[in-house]
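Geometric and topological summary
Spelled out, the chains give:
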Amino acid sequence: MLHTEEYATWCMERFGYFLHHRPTSRTRTNGLMANTVDKIRAQGFEVDDRL
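Described in the following lines is the structure provided in the data block. (Residues numbered from 1 in each chain as written. Predicted model: local features only at pLDDT ≥ 70, side-chain atom pairs only at ≥ 80, totals over all residues. Heavy atoms only, no water.)

What follows concerns the pattern of salt bridges. Summed over the entire model, instances satisfying the criterion amount to two salt bridges. Note that Arg 14 and Glu 13 form a salt bridge whose closest N and O atoms lie 2.9 Å from each other. Overall, the relative accessible area of 36% leaves Arg 14 in the partly exposed class. Since its relative accessible area comes to 56%, Glu 13 is described here as exposed. Among the salt bridges present, the one from Asp 49 reaches Arg 41, with a minimum N-O distance of 2.7 Å. (Salt bridge = Lys/Arg side-chain N within 4 Å of Asp/Glu carboxyl O. Buried < 20%, exposed > 50% of the residue type's maximum accessible area, 1.4 Å probe, protein only.)

Below you can see the structure in the form of C-alpha cells.
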C-alpha cells in the first residue's frame, strides 16, 4: 500500500481509527461494500462500479 502516512491521517479524520486494508478479507460482504461505496460517494468521490 502506498502513502500509508497520508492514508492513516485520512482514516483518523474520517473514521476516528485506522481502517486496515484487507483485500482478501472474508468479512467483505456485499452489504459492507455497498455501505463503504455510499460513504465514499457521500464524501464527493466518484466510484467505479465495475470494481
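Anyway, onward from the coordinates.
What the rule picks out here adds up to four aromatic pairs. For the ring pair Tyr 7 and Phe 18, a centre distance of 5.4 Å and an interplane angle of 85 degrees mean the geometry is edge-to-face. With Tyr 7 in helix H1 (residues 4–15) and Phe 18 in the loop between H1 and helix H2 (30–42), the pair connects residues that are 11 residues apart, well separated along the chain. Taking the centre distance of 6.2 Å and the plane angle of 40 degrees together, the rings of Phe 15 and Tyr 17 count as tilted. In this structure Phe 15 comes out as partly exposed when scored by relative accessible area, which is 30%. The partly exposed category is assigned to Tyr 17, whose relative accessible area is 46%. Feature note: the residues Tyr 7, Trp 10, Phe 15, Tyr 17 and Phe 18 constitute an aromatic cluster, connected by ring pairs. (Phe/Tyr/Trp six-rings, centres within 6.5 Å; stacked < 30°, edge-to-face > 60°. Helix = DSSP H or I, 4+ residues; strand = E, 2+ residues; numbered from the N terminus.)

So, to be careful, I would describe these as geometric facts and stop short of saying anything about function.
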